[in-house]
Amino acid sequence: MNMGLYIVQQGINAVSLGSLYALVAIGLSMVFGILRMTNFAHGDMMMVGAFGTLLINAAGAPFWLAALCGVAVGAAAGVIVERLAYRPVRGAPDVTLLLTSLAVTYILENLGILIFSSSPRNFPIPDIMNSAIQLAGGQITFTAINVVTIALTVAALALLGWFVTRTDVGLGMRAAAEDLGAAQMVGLDVDRLIVVAFAIASAFAGLAGVLWAAQSGIVEPDMGFTPLLKAFVAAIVGGFGSISGALVGGYVLGALEILIVAFLPSSVSPYRDAIVFGLLIVFLLFKPNGLMNRPQEVKL
Amino acid sequence: MATADHIDTDEVLGVRGLTVTYGAVTALRDLSIEVRRGEVVALLGANGAGKSTMLRTISGVVRPRAGEVRLEGDRIDGLRPSQIVARGVAHSPEGRRLFGSLTVAENLRLGAAQRRDRENVEADRERLYDLFPILRERSQQQSGTLSGGEQQMVALSRALMARPRLLLLDEPSLGIAPLIVQQIFASLAELKETGVTMLLVEQNINVALGLADRAYVLRTGEISLEGPAADLKRNYEEVAAAYLGVRR
Ligand SMILES: Nc1ncnc2c1ncn2[C@@H]1O[C@H](COP(=O)(O)OP(=O)(O)OP(=O)(O)O)[C@@H](O)[C@H]1O
Ligand SMILES: [Mg+2]
């Protein structure tokens, strides 16, 4: 196979994978930016979004409508978790926040197992999404779901970019991320801004969950675990708390993984994650605040 | 003659019997002050006397253990900070606390977050740019890149964008060159002329008493001296003694 075409092919794979990491990482970074808390339950909104889609689809709604509702259910779940679990402990020591978010993760995943059992379920997507698209006489092949993933991610990012830079609420969110106490003193309704942040972050995770399930073809209660860890890495690489950093970090991570799988001997592929995490450690030795960062302490 | 339950319409801020604690530390003890319409009142005192705590309690960031805070007669203690700003109390905090990665213009826009009269916001911003022309030049610059004095002007302007009935200023002279301090206090004097009511926390006794009508001296959470600024200025030793708690 022609090397140039091979690179294009792997590039498409990398952007598609990176899009998913970016979608999850942005929400993680957004919440951390404002609350200085790592929301480990963030990955579970992927599960909520995907299961939501599955159920609504099974109830008779067409797939696209079900997916839209699934994303909305993910957003709502994030807002509910904030209200019930995080708001009461806001301002508590870091360890308390950490334990709370881990507890929420376990509760959500066990709830998932209780309702859907722990065995994976098929995620039915319209046939058109599985159809293969071939370029260069069949030398480049990808499925429609790759295209949909990339297109929806770009659309979501554009919308977020507009919201954060062009609206008053977005401006308030940037202010809150910089200094929550000062935001309160100038009269911003901080509770409301936090709800908005959770809604957007969880909607993004829900969207990532639907796309992830569509790519893998299955839904399971702990499906958010691995992507969350990857997104966490992406967010830290980018500079935890920075939205643009999480975006860049997500794509860097996607590219790195594909690079290892595609260009190193296949015997290396199983150690992909170990290599990626190893590189992360080396990277952080040189740039402890990440790529886009303003200097700040990263708290778990 | 004022009767006991006469409502004093000239009182903008009335703090009565205020006690504030941080865990085991009592920062303010049964403290009462008032600020009348158009007045500039200085709150002086050494480090740790409780000055910032007083301002933070008025703006609702800190909850009092006992006592009440009234704005034009209405209780505001217990309201959320955003509600208190909406009632007309703006707080320019200690250390400025600008949003450093946001532009000067954005910082000012945030100061107007609780305003309902959106249509006047722009005109107010222009008026503040007239007061501090350097900010007009710097309006699209990240506020964190400004000099300390310029940042203090932004902090002050951001608070004024709320069109406050009561302006709380926490150490506007902190860490700023004497010449710029004079410039900032000259601007505050201009604002005072336009009728802005202020409660001014300062460690710089001279400039504070130069601007203020009255002053309270705070020592470890209690008032150790109060009176017209002119009197206190003449009696510098007495103020110094009140600071340190030396009995005369
Ligand atoms: N968040 C806090 N937690 C615990 N104690 C605090 C806190 N903030 C202030 N204190 C304590 O309360 C007392 C009053 O502090 P405050 O900041 O009000 O003093 P201040 O007069 O503004 O001092 P300065 O001139 O140094 O700014 C001090 O003893 C201080 O240590
Ligand atoms: Mg202070």
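Source: prediction; values computed, not measured.

Caption draft 1: A look at empty space enclosed by the protein. For the structure on display, the rule yields three cavities of 30 Å³ or more. There is about 70 Å³ of room inside the largest cavity. In terms of lining, the largest cavity is formed by 13 residues, of which the most central are Met185 and Val186 of chain A together with His91, Arg158 and Ala159 of chain B. Among the elements of the structure, strand 6 (89-92) and helix 6 (148-160) of chain B are those that each provide at least two residues to the lining of the largest cavity. No other element matches the four residues that strand 6 of chain B contributes to the lining of the largest cavity. Looking at the lining of the largest cavity residue by residue, the class counts come to nine nonpolar, three polar and one charged.

Caption draft 2: Up close: the site of ligand 1. Residue and element names in this part refer to chain B. Asn47, Lys51, Ser52, Thr53 and Glu94 are the nearest of the 14 residues found near ligand 1. Contact between ligand 1 and Asn47: an oxygen atom at 2.8 Å from a side-chain N or O atom of the residue. Here an oxygen atom of ligand 1 sits 2.7 Å away from a polar atom, N or O, in the side chain of Lys51. For ligand 1, whose free accessible area comes to 630 Å², the fraction covered by protein is 63%. Looking at side-chain class alone, the shell around ligand 1 contains four nonpolar, six polar and four charged residues.

Caption draft 3: Quick peek at the sheet that holds strand 1 (residues 11-22) of chain B. Spatial strand order, 2-1-4-5 (chain B): four strands in an open sheet with antiparallel pairing. Edge positions in the open sheet fall to strand 2 (25-36) and strand 5 (74-75) of chain B, since each of these has one partner strand only.

Caption draft 4: Spatial organisation of unusual backbone geometry. If you check the backbone angles, Ser117 of chain A has positive phi at about 65° while not being a glycine. Overall, Ser117 of chain A belongs to the partly exposed group, its relative accessible area being 32%. At Thr220 of chain B, a residue that is not glycine, the phi angle is positive and equals roughly 35°. Counting through the fold element by element, Thr220 of chain B comes out in the loop between strand 9 (214-219) and strand 10 (222-228).

Caption draft 5: Main features of helix 10 (residues 236-244) of chain B. The set of residues buried in helix 10 of chain B consists of Glu238, Val239, Ala241, Ala242 and Tyr243 of chain B. In the core, the buried residues of helix 10 of chain B are packed alongside strand 3 (40-45), strand 8 (198-202), helix 8 (205-211), strand 9, strand 10 and helix 9 (229-234) of chain B.

Caption draft 6: Region of the structure containing the pairing of strand 2 (residues 132-135) of chain A. All names here are of chain A. Taken together, the four bridges between strand 2 and strand 3 (residues 140-143) define a ladder with antiparallel strand orientation. Residue pairing in the sheet places Gln134 in a bridge with Thr141 of strand 3. Hairpin connection between strand 2 and strand 3: a loop of four residues separates the two successive antiparallel strands, and Ala136 in this loop has a positive phi of roughly 50°.

Caption draft 7: Representation of the coordination of the magnesium ion (ligand 2) within the structure. All names here are of chain B. For the magnesium ion (ligand 2), every protein donor is listed as Ser52 (OG) and Glu94 (OE), and the spread of their distances is 1.9 to 2.4 Å. Of the two residues, Ser52 is situated in helix 1 (residues 51-58) and Glu94 in the loop between strand 6 and helix 3 (104-111); the sequence distance between them amounts to 42 residues. Classification of Glu94 by relative accessible area gives partly exposed; the value is 33%.

What counts, and at which threshold
- Residues numbered from 1 in each chain as written.
- Chains lettered and ligands numbered in written order.
- Predicted model: local features only at pLDDT ≥ 70, side-chain atom pairs only at ≥ 80, totals over all residues.
- Heavy atoms only, no water.
- 1 Å grid on protein atoms, 1.4 Å probe; cavity = no way out; pocket = protein on both sides within 12 Å on 5 of 7 lines; lining within 4 Å.
- Points joined across faces, edges and corners; volume = space filled by probe spheres on them.
- Helix = DSSP H or I, 4+ residues; strand = E, 2+ residues; numbered from the N terminus.
- Nonpolar A, V, L, I, M, F, W, Y, C, P; charged D, E, K, R; others polar.
- Near = heavy atom within 4 Å.
- Polar contact = N/O pair within 3.5 Å; in protein donor to acceptor, adjacent residues only side chain to side chain.
- Areas by Shrake-Rupley, 256 points an atom, 1.4 Å probe, with all protein chains shown as cover.
- Pairing = 2+ DSSP bridges.
- Buried < 20%, exposed > 50% of the residue type's maximum accessible area, 1.4 Å probe, protein only.
- Contact = heavy atoms within 4.5 Å.
- Donors = N, O, S within 2.8 Å, 3.2 Å for Na, K, Ca; no water.

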